[in-house]
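One letter stands for each residue in the lines below.
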Amino acid sequence: MLIQPTGREVVLRSIAPPAEGLVLVALTHVFENVPGMASYFGRQAGMFNLRKLDLTAMPVSEPICAGNVHYARQTEVEDVVSAVKSFPVDPKPTTFTSYKQYHEAYVSKQTTPVKVMEHLLAMVDKAQQAKTRPLNALKPIDRADVLRQAKESTERYEAGRSLSVMDGVPVVFKDEVDVAGHESNRGTSFIGAGKKVTKDAEVVRRFRSCGAIIVGKTIMHELGWDSTSINPHFGTPSNPYNPYHSAGGSSGGSSAAVCAGLVPIANTLKLLRIVRIEGDLWSNLDGWIRYGFAVIVQKMQWSLMRCLVDCACFTTSVLGPIACSANDMILGYRIMAGRDPEDESTWIQPPVSLATVHQTRDLSDVTIGVFSDWIAQVQNPDILPLMEKFMEALQARGATFVEIEIPDLEQARIAHAILFSSELYCGMLPFGAEGRRKLTYPNRILMRMFDEIKHEDIVRSNQIRGVMIRHLRRLFRPEGTSKKIDFIITPTTAITAPP
């Protein structure tokens, strides 16, 4: 057994009773109008526990690791084309259509981007008319614009001037990422309503410059403030494999679009949790699953650019790909990673390198950290045998597993919740009381809960952030004779897809 827990509880687990319908409405009004109610529940949830700690660490407001300084240059189309020339074809056929299959079909003239987009739009219509539940992956599509992009891509292929292997490949972006010609509503009914964005976010510009067809934006949880993607304003994304189970979140629409076969690559903007939600509820490949916990350390070095969006989590979120295959995920990562010319904090980061990404047969030079007590705290025990099987496959290829410990995870859990929620909370302040009333009832409760957060909670949370950076640095950059690990393996989430 590679997972050998001692039975120690690493983080506290509390499961709140579900509330819906009139009970949820009544509970919201109680939170908003009964003095002391929000404070009481905040204490029960442990929100104020950091106030009890005697901390001397320096607060860290930006999760950047000290170390070598790299000045990354801007990613251009030539970089992407060069990076994917050596990508091998997937060894096994897949039910999904990858970027490589799109490109090869266009080059061989088996089909054209126009025909593919016409078929895709028909698939979207069919998915919305499902007898069980509509897919609800995408916000309203500008069909004329999609077909215009497809026509331009078709003309490039006919002239032998395709921009890259991504030319004519459909992609979608989470609602909080700016796409020219679309509203950026962040899952709400009022933010950005009636105001189409005139400029692409950097990540959209990159995909567009490679010739990718921007199909549109995906439905997300309101503000991204939960992990279900339930959205009464645009519709709740369904799980294509079982429409009566959750799509995860907050990027449920992006995952649904990939898993339903609409697109091979979707964009997501995620909070830096230790686990990912959607990936465990789907069979698609999620960039965060494959790179696992190591991405969190890389985030401290800004290996992926941030996407600063109004009302977003400024220091606790990062872009990433959700894709139908490992190759598609790698390509999506390659396009997204790097410098944002309008965000100086992304200029100092390690260079992007995929030189050894396909060297997977021999993993004898790879050391993987295992925190058994953390893994054993999954809520659904069915996850553990699958974890063990996956780890055995890595071990068979030569990978070495070492038991590790990451202290202070319970404090980190609280600090992370405070930081990302406080950033969302502050982003809502310009909309005042009227904006609050337009939020869904669960988010109105969260807004009232975070009225109780004080300055000391933010300072102590940033102190914990600095402490955790040092804990992780000791694992990835050890001093003395300690063995360095390459990444940490962890379940993507503690549960399987709930109904």
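A brief look at the structure comes next.

Conventions used here
Residues numbered from 1 in each chain as written. Predicted model: local features only at pLDDT ≥ 70, side-chain atom pairs only at ≥ 80, totals over all residues. Heavy atoms only, no water. Salt bridge = Lys/Arg side-chain N within 4 Å of Asp/Glu carboxyl O. Pairing = 2+ DSSP bridges. Helix = DSSP H or I, 4+ residues; strand = E, 2+ residues; numbered from the N terminus. Axes fitted to C-alpha atoms, helices over the stretch in contact; angles between N-to-C directions. Buried < 20%, exposed > 50% of the residue type's maximum accessible area, 1.4 Å probe, protein only. Right-handed = clockwise from strand over helix to strand, strands pointing away. Parallel < 35°, antiparallel > 145°, perpendicular 65-115°, else oblique. Left-handed = near helix turned anticlockwise from the far one by under 90°. Contact = heavy atoms within 4.5 Å. Nonpolar A, V, L, I, M, F, W, Y, C, P; charged D, E, K, R; others polar. Expected span 1.5 Å × (residues − 1). Arc of directions from axis to C-beta. Polar contact = N/O pair within 3.5 Å; in protein donor to acceptor, adjacent residues only side chain to side chain.

This part takes up the pattern of salt bridges. Should their charged atoms come close, side chains of opposite charge can pair. Under the counting rule described, the total for this entry stands at 22 salt bridges. For Lys484, the salt bridge identified is with Asp486, shortest N-O distance 2.9 Å. Within this structure, Arg436, Arg448, Asp451 and Glu452 form a network of salt bridges that share partners.

This part is about the sheet that holds strand S8 (residues 487-489). Judged by pairing direction, the sheet is parallel, and its three strands sit side by side in the order S7-S6-S8 without closing on themselves. Of all strands in the sheet, those with a lone pairing partner are strand S7 (400-403) and S8, marking the two edges. Taking each pair of neighbouring strands and ignoring which way they run, the sheet shows an average axis angle of 40°.

Of all six residues that make up strand S2 (residues 213-218), six are buried, and the element is covered over most of its length. The sheet contact formed by strand S1 (residues 170-174) and S2 spans five bridges and is parallel. Paired with Lys174 across the two strands is Thr218, which belongs to S2. In the classification by handedness, the crossover that spans S1, the intervening helix H7 (residues 202-209) and the parallel S2 is right-handed.

For the pair helix H1 (residues 21-33) and helix H17 (residues 441-450), interaxial distance at closest approach is 9 Å and the crossing angle is 20°. The angle between the axes of H1 and H17 places the two elements in the roughly parallel class. Crossing geometry of H1 relative to H17 is assigned as left-handed. From H1, Leu24, Val25, Leu27, Thr28, His29, Phe31 and Glu32 reach across to H17, where they touch Tyr441, Pro442, Arg444, Ile445, Arg448 and Met449. Residues of the contact of H1 with H17, tallied by class, amount to eight nonpolar, two polar and three charged.

Next up on the list: H1. For H1, built from 13 residues, the straight-helix expectation of 18 Å at 1.5 Å per residue is met to within 8% by its first-to-last C-alpha distance of 19 Å. For H1, the full list of buried residues reads Leu24, Thr28 and Phe31. Around the axis of H1, the buried residues are gathered within 65° of arc, so they sit on the same side. Of the residues in H1, the exposed ones pointing more than 90 degrees away from the buried face are Leu22, Val23 and Asn33.

Time to look at the side chain of Ser246. Considering the arrangement of structural elements, one finds Ser246 in the loop between S2 and helix H8 (252-259). Within the structure, Ser246 has its side chain in polar contact with the backbone nitrogen of Gly248 (distance 2.9 Å).

This brings us to the packing of helix H15 (residues 409-428) against helix H18 (residues 455-476). Direction vectors running N to C along H15 and H18 enclose 125°, while the axes themselves pass 9 Å from each other. With respect to their mutual orientation, H15 and H18 come out oblique. Between H15 and H18 the crossing geometry is left-handed. In this structure, H15 uses Leu409, Gln411, Ala412, Ala415, Ile418, Leu419 and Ser422 to contact H18, whose residues at the interface are Asp457, Ile458, Ser461, Asn462, Ile464, Arg465 and Met468. Looking at side-chain class alone, the contact of H15 with H18 contains eight nonpolar, four polar and two charged residues.

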